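This is what each chain is made of:
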Amino acid sequence: MADYDKYYVTENLFGEPYVELIKFFKDYPVKGKLIDIGCGQGRDAIALAKLGYEVTGLDQSKLGIDQMNKISEREKLKLVGIVDDIYQFDQFQDFNIILFDSMFHFEKRDRKRETDLIIKAALKIEKGGVLYICIQDTCSKVKILKETIQNSNIDFEILKDSSLIYKYEDKASGHKSETKYLMYIIRKV
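Keep in mind that this is a model prediction, so the values were computed, not measured.

Conventions and cut-offs
Residues numbered from 1 in each chain as written. Predicted model: local features only at pLDDT ≥ 70, side-chain atom pairs only at ≥ 80, totals over all residues. Heavy atoms only, no water. Helix = DSSP H or I, 4+ residues; strand = E, 2+ residues; numbered from the N terminus. Rg over C-alpha atoms; globule rule 2.2 N^0.38 Å. Buried < 20%, exposed > 50% of the residue type's maximum accessible area, 1.4 Å probe, protein only. Contact = heavy atoms within 4.5 Å. Areas by Shrake-Rupley, 256 points an atom, 1.4 Å probe, with all protein chains shown as cover. Lys, Arg positive; Asp, Glu negative; His and termini not counted. Charge placed at Lys NZ, Arg CZ, Asp CG, Glu CD. Pairing = 2+ DSSP bridges. Right-handed = clockwise from strand over helix to strand, strands pointing away. Axes fitted to C-alpha atoms, helices over the stretch in contact; angles between N-to-C directions. Parallel < 35°, antiparallel > 145°, perpendicular 65-115°, else oblique. Left-handed = near helix turned anticlockwise from the far one by under 90°. Core = buried A, V, L, I, M, F, W, Y, C linked by side-chain atoms within 4.5 Å. Salt bridge = Lys/Arg side-chain N within 4 Å of Asp/Glu carboxyl O.

1. Some thoughts on the overall build of the protein
Here is step 1: Within the protein, the secondary structure is distributed over 5 helices and 7 strands.
Here is step 2: For a compact globule of 189 residues, the expected C-alpha radius of gyration is about 16 Å, and the protein comes in at 16 Å, within 12% of that figure.
Here is step 3: Across its three principal directions, the C-alpha atoms of the protein cover 45 × 35 × 30 Å.
Here is step 4: Residue burial in the protein is summarised as follows: out of 189 residues, 47% are buried.
Here is step 5: Pairs at least 24 apart in sequence give 69% of the contacts found in the protein among residues at least 6 apart.
Here is step 6: Counting every atom, the protein has about 10,100 Å² of accessible surface; 49% of that belongs to carbon and sulfur.
Here is step 7: Side-chain charges in the protein split into 30 positive and 31 negative, and the spacing between the mean points of these groups amounts to 2 Å.

Here it is as structure tokens:
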């Protein structure tokens, strides 16, 4: 597991949220309670709180959560960050929307606990609740994600199953990259 505190010394490390993410949530009619699992510095959580969602950000990085909470306080947002182990979190029923953005990598050593986390969230969220999952579209990640959902024996309606390109630029080093992602959004029925 990566120690993101060393990366988060650079504020706003991952830049702005995906345009596609903001468009979906701006247009989504239910502005309820949302939890951003693995929120880091709050890239998505801050933007979604500005759209009117009541957001909880959960991450293992104290530095990332502290940075996000300072912005939330300064801008008076309905956003609170909590430092905790994302795999131990168990209160998914308290939220209308669960956001997993760039959380899952499905490496062999982490695959079971990541798929277990997806199933736990899917089981606990109430009917009508939404799972928003954005994942790199590389290797067999998309296949593992979709098989996990299909094999869960939980009924979901697919709201969105589309590709996007994430453009990253590290201004300090000049490193740039583009990565294909899948935006997979499902609602429990």
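Moving on from the model shown.
2. Some remarks on the pairing of strand β3 (residues 79–83)
Moving residue by residue along a regular strand, the side chains alternate between the two faces of the sheet.
Here is step 1: Bridging between strand β2 (residues 54–59) and β3 involves 5 bridges; their strand directions are parallel. Following the sheet pairing, Leu58 is matched in β3 by Ile82.
Here is step 2: Handedness of the crossover joining β2 and β3 through helix α3 (residues 62–75): right-handed.

3. Thoughts on the packing of helix α4 (residues 111–124) against helix α5 (residues 141–150)
Here is step 1: Here α4 crosses α5 at 45°, and the two axes come no closer than 10 Å. Our classification of the angle between α4 and α5 gives oblique. Considering the relative orientation of α4 and α5, their crossing is right-handed. Within the contact between the two elements, α4 uses Arg111, Thr115, Ile118 and Ile119 and α5 uses Ile144, Leu145, Thr148 and Ile149.

4. Some details on the nonpolar core
Here is step 1: Residues Ile37, Phe92, Ile98, Phe100, Phe104, Leu131 and Leu145 are the most contacted members of the largest nonpolar core, which totals 30 residues.
Here is step 2: Looking at this core, the elements that each hand over two or more residues are β1 (33–37), β4 (97–101), α4, β5 (130–136), α5 and β7 (175–188).
Here is step 3: The residues contacting Phe100, other than those within four sequence positions of it, are Ile37, Phe92, Leu117, Ala121, Leu131, Tyr132, Ile133 and Cys134.
Here is step 4: With 28 residues, the next largest nonpolar core counts Leu48, Met68, Leu77 and Leu99 among its residues.

5. So, the pattern of salt bridges
Here is step 1: Within the structure shown, the criterion is met by 13 salt bridges.
Here is step 2: Among the salt bridges present, the one from Arg43 reaches Asp101, with a minimum N-O distance of 3.0 Å. Of this pair, Arg43 sits in helix α2 (residues 43–50) while Asp101 is found in strand β4, placing the two residues 58 residues apart along the sequence. You'll find Arg43 and Asp101 in the same group, each marked buried.
Here is step 3: In this structure, Asp116 and Lys112 form a salt bridge, with 2.8 Å as the shortest nitrogen-oxygen distance. One end of the pair is Asp116 and the other is Lys112, both in helix α4 and 4 residues apart, which spans about a single turn.
Here is step 4: Members of the salt-bridge network, linked through shared partners, are Arg43, Asp44 and Asp101.

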